[in-house]
Amino acid sequence: MSNLSTVTNNTSDAGLHKESKAAVLFKKYGMLIILIALIALMTALEPNFINSNNIINIVRQMAVIGIVAIGVTFVIITSGIDLSSGSVIALTSVIVATFAQEGTYPLIVAVLAAVAVGAATGVFNGFLIAKGNIAPFIVTLGMMTAARGLALLFSGGRPIGGLSDSFQFLGQGMILGIPVPIIIFAIIGIVSYVLLNKTKFGKYVYAIGGNEQAAMIAGVNVTKVKILVYSYAGLLSGLAGMILTARIASGQPTAGTMYELDAIAAAVIGGTSLTGGIGTIGGTVIGALIIGVMNNGLDLMNVSSYWQQILKGVIITVAVYIDARKHKKK
Amino acid sequence: MKKKVLGFMVMMLVLTSALAGCGDGGSADGEEKLKIGVALPDFDDKWLSYLQDGMTTYEEEAGNIEGIYVDAMNDAAKQMSQVETFISQGVDAIAIVPVDTESVGTIVDMANGADIPIVVVNRVYEGIEDATAYVGGNSIDSGIIQMEEVAKLLGGKGNIAIMNGTPGHEAEIKRTEGNKQVIEENPDMQVVLEKNADFDRAKGMTLMENWLQSGDQIDAVVANNDEMAIGAIMALEAAGKLDGVVVAGIDGTPDALEYVESGKLQVSVFQDAAGQGSKGLEVAAKAAQGEEVEKMNFIDFELITPDNVQTYVEKWQ
């Protein structure tokens, strides 16, 4: 065990040594600078952009993707991938909607159902990846297809309405003027930050992504950590599905289509490296906000959806390019 | 450890075979049934699931039909190979809801070449006369009916925001085209905002929230389907701005009818999914038996407003 801290410390020290101060600064705050620049640009083009209502609006809209992206960040740091998030959202959506019917179960049952469904899919993913030694891409691709199918089977392909007010509060309500989805998003962000930066578990996650063999030799239970990582990602997809369902007041088997890609994009834009070992929660949140700001700003300016997609593609590619350059410098 | 993996594998196998078992209903009675291959574009689509229900209901009533339902998952190439399979299976007739209106021409030619009657349901395409028959509406009409009612409610003037479905979708193109035809006839009406929200409630809601922040005056939100319209209503309601905005959808889904009943959704257009499905299968069955069939079988669109919504609520029961 004690070997491990030297392993991780060495890798991060080696990275910092040769870089200039400016480069370090940009590496740390680059995407934050880009986010602020983007906000300034949007404000200049469309003055309505920068009112408090709209800012709250953007964060609330990005809460669902942001929560998924945080889970995906853990996965990508271990140099894995999770393609199943969007479908897990749909599966959670229809199951939660059944437990959230007006006048049936108390609210906590629906919340626990969301956590259970999400985590169960994650355990399944993690088990097959870590113990079955199957590539994450394949396992989660399978889950992506199967979970969507299960969602359709469970709901008969139809939306499920009639959700209780207390449940809808989770997506539509406010506490002290702050929308509930934002509060949940913030709590998850903080918990995840602590998990990744202040615990042994977090250290192991980075260690596995940096060098799986070395981590294993240093005594990390790689199998266990991987299963936990995918379970956590699944759990967060479940919570995201719950919020989405509460927000649109309907359990939908087609919900969350392509969300997995938006979540991966948010993580990547936020500086998470697909080769593993690198990534932060703060970066991912900023990545999600960049996507949110862009979508919102282009909606306000009535720029066509076609352009919106093109721009998003360009931003993702540029972010990965910057990331690749950073590693070359090392 | 190996045992656990094995256990999982076995569980998966049991699960898949159990699920597969749900598929075939088992038609063990001795008499020959008419085999009709039904090629649908997307089992995930809610509206199409009502159309499929119409087909299965007709199948049960008729008793002499065995429908084989396949899902192309919105992939035109996949649909083509599914029809090829139907042909090699030697089905008596094919009913198809085309994935897209371009590739369906080739598919119809394939069926014609094999001398198997083919009935195109729900979506019209250029060259429809080559098919044995068409059953469905004319998408552009739904857009016209929808916008005419909106124009009436607004007194022929106002700012319109149009929410489009998934880009390139036949329903997206034609419904919006119908909308715009009516707007052109009313010089005091103009499209101030137009954007895609992919027929999705959550996306419609997000788009409406953003539009509301733009500060533009919006008198009506006209959506390509009900789900996006409901999303817009929820955003407008949350912002306390639903009063004074006309919201219009298309499809008349059960969810949407509730919104029409409460007066929040003022316009929807009923496209009789079950009616198109049952009529489609009926025409295919007739053609399979060599009977003469009508070439164009139009199932009319109907306007839904708070005044007549009860009729449609009863239809779903």
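Bear in mind that the values here come from a model prediction, so they are computed numbers and not experimental data.

Here is what the cut-offs are and how they apply
- Residues numbered from 1 in each chain as written.
- Chains lettered and ligands numbered in written order.
- Predicted model: local features only at pLDDT ≥ 70, side-chain atom pairs only at ≥ 80, totals over all residues.
- Heavy atoms only, no water.
- Helix = DSSP H or I, 4+ residues; strand = E, 2+ residues; numbered from the N terminus.
- Rg over C-alpha atoms; globule rule 2.2 N^0.38 Å.
- Contact = heavy atoms within 4.5 Å.
- Areas by Shrake-Rupley, 256 points an atom, 1.4 Å probe, with all protein chains shown as cover.
- Pairing = 2+ DSSP bridges.
- Axes fitted to C-alpha atoms, helices over the stretch in contact; angles between N-to-C directions.
- Phe/Tyr/Trp six-rings, centres within 6.5 Å; stacked < 30°, edge-to-face > 60°.
- Buried < 20%, exposed > 50% of the residue type's maximum accessible area, 1.4 Å probe, protein only.
- Core = buried A, V, L, I, M, F, W, Y, C linked by side-chain atoms within 4.5 Å.
- Arc of directions from axis to C-beta.
- Salt bridge = Lys/Arg side-chain N within 4 Å of Asp/Glu carboxyl O.
- UniProt positions renumbered as here; feature names shortened; annotations may be inferred.
- Buried area = accessible area lost by both parts, 1.4 Å probe.
- Nonpolar A, V, L, I, M, F, W, Y, C, P; charged D, E, K, R; others polar.

Visitor: Please give an account of the overall build of chain A that cites residues and values.
Guide: Counting secondary structure elements, chain A contains 14 helices and two strands. Relative to its length of 330 residues, chain A is compact, with a C-alpha radius of gyration of 20 Å against a globular reference of 20 Å. When the backbone C-alpha atoms are referred to their principal axes, chain A occupies close to 60 × 50 × 35 Å. Restricting to contacts in chain A with at least 6 residues of sequence separation, those with at least 24 account for 79%. Of the roughly 14,100 Å² of accessible surface on chain A, a fraction of 69% belongs to carbon and sulfur atoms.

Visitor: Let's hear about the sheet that holds strand E7 (residues 189-196) of chain B: which residues, and what values?
Guide: Residue and element names in this part refer to chain B. Across the sheet, four strands lie side by side as E7-E6-E8-E9; this open sheet has parallel pairing. Because the sheet does not close on itself, it has two edges, and the strands there are E7 and strand E9 (246-248). If you compare each strand with its neighbour and ignore which way they point, the axes differ by 15 degrees on average. With four bridges connecting them, strand E6 (residues 158-164) and strand E8 (residues 220-223) associate as parallel partners. Note on E8: the bridge partner recorded for methionine 163 is alanine 223. In the packing of helix H6 (residues 170-185) onto the sheet, the strands contacted are E6, E7 and E8, and the crossing angle to E6 comes to about 170 degrees. Most of the contacts of helix H8 (residues 226-238) go to E9, to which it runs at about 155 degrees, and overall it touches E6, E8 and E9.

Visitor: Explain the packing of aromatic side chains to me, using residue names and the numbers behind them.
Guide: Residues and elements named next belong to chain A. Under the counting rule described, the total for this entry stands at five aromatic pairs over all chains. Relative to tyrosine 232, the ring of phenylalanine 74 lies with its centre 5.1 Å away and its plane at 75 degrees, an arrangement referred to as edge-to-face. Taken as a pair, phenylalanine 74 in helix H3 (residues 52-77) and tyrosine 232 in helix H11 (residues 222-248) lie far apart in primary sequence, 158 residues in all. Judged on exposure class, the residue phenylalanine 74 and its partner tyrosine 232 are both buried. An aromatic cluster of three or more residues is present, and its members are Phe74, Phe201 and Tyr232.

Visitor: Could you give an account of the nonpolar core, with specific residues and numbers?
Guide: Phe167 of chain A together with Met163 and Met208 of chain B are the most contacted members of the largest nonpolar core, which totals 125 residues. Counting residues in hydrophobic clusters, the runner-up holds 24 residues, among them Ile36, Ala273, Ala284 and Ala285 of chain B.

Visitor: Explain helix H7 (residues 165-172) of chain A to me, and be specific about the residues and the numbers.
Guide: Residues and elements named next belong to chain A. Taken together, the buried positions of H7 are Phe167, Gln168, Leu170 and Gly171. Relative to the axis of H7, the buried residues are bounded by an arc of 140 degrees and lie together on one face. Along its buried surface, H7 packs onto helix H4 (85-99), helix H5 (107-130), helix H8 (180-198) and H11.

Visitor: Residues and numbers for the pattern of salt bridges, please.
Guide: Where charged atoms from two side chains of opposite charge approach closely, those side chains can pair. The full count for this structure, using the stated rule, is 14 salt bridges over all chains. Among the salt bridges present, the one from glutamate 149 of chain B reaches lysine 152 of chain B, with a minimum N-O distance of 3.6 Å. Residue glutamate 149 of chain B and its partner lysine 152 of chain B are located together in helix H5 (residues 139-154), separated by three residues, close to a single helical turn. Taking the relative accessible area as the measure of exposure, lysine 152 of chain B reaches 61% and is therefore exposed. The salt bridge involving arginine 201 of chain B is made with glutamate 227 of chain B; its shortest N-O contact spans 3.1 Å. Of this pair, arginine 201 of chain B sits in helix H7 (residues 201-214) while glutamate 227 of chain B sits in helix H8, and the two are 26 residues apart along the sequence. Here arginine 201 of chain B matches glutamate 227 of chain B in class, with each residue buried. Linked by salt bridges that have partners in common, Arg60 and Arg247 of chain A together with Glu209 of chain B make up one network.

Visitor: Explain unusual backbone geometry to me, and be specific about the residues and the numbers.
Guide: Unusually for a residue other than glycine, asparagine 133 of chain A sits at a positive phi of about 60 degrees. According to the relative accessible area criterion, asparagine 133 of chain A is exposed, its value standing at 69%. Of note in the backbone geometry, aspartate 251 of chain B takes a positive phi value of approximately 125 degrees without being a glycine. Of note, aspartate 251 of chain B is situated in the loop between E9 and helix H9 (254-261).

Visitor: Give me the lowdown on the UniProt feature "transmembrane region" (unreviewed entry) in chain A, citing residues and values where you can.
Guide: All names here are of chain A. Summarizing the sequence annotation, UniProt attributes the feature "transmembrane region" (unreviewed entry) to residues 29-46, 58-77, 107-128, 134-154, 175-196, 229-249 and 261-294 in the numbering used throughout. The span residues 29-46 is 94% helical and 0% strand by assignment, and the distance between its end C-alpha atoms comes to 26 Å. Taken end to end, residues 107-128 comprises 100% helix and 0% strand; its first and last C-alpha atoms sit 32 Å apart.

Visitor: An account of the side chain of serine 231 of chain A is needed here, citing residue identities and associated values.
Guide: Residue and element names in this part refer to chain A. Structurally, the position occupied by serine 231 is in helix H11. Judged by its relative accessible area of 12%, serine 231 falls in the buried class. Ignoring anything within four residues of it in the chain, the contact list for serine 231 reads Ala119, Gly122 and Val123.

Visitor: Which residues make up the interface of chain B and chain A, and what values do they have?
Guide: Of the residues lining the interface, 31 residues belong to chain B; the matching set on chain A comes to 37 residues. Between chain B and chain A, the buried area comes to about 3,100 Å², and carbon and sulfur atoms account for 53% of it. The three residues of chain B that bury the most area against chain A are Lys195, Asn210 and Gln213 of chain B, which together make up 21% of that side's buried surface. Linking chain B with chain A are four salt bridges, by the criterion used here. The set of elements that each furnish at least two residues to the side of chain B that touches chain A consists of helix H1 (2-23), helix H2 (46-62), E7, H7 and H8 of chain B. With 10 residues, the top contributor of residues to the side of chain B that touches chain A is H7 of chain B. Residue classes in the side of chain B that touches chain A are distributed as 13 nonpolar, seven polar and 11 charged.

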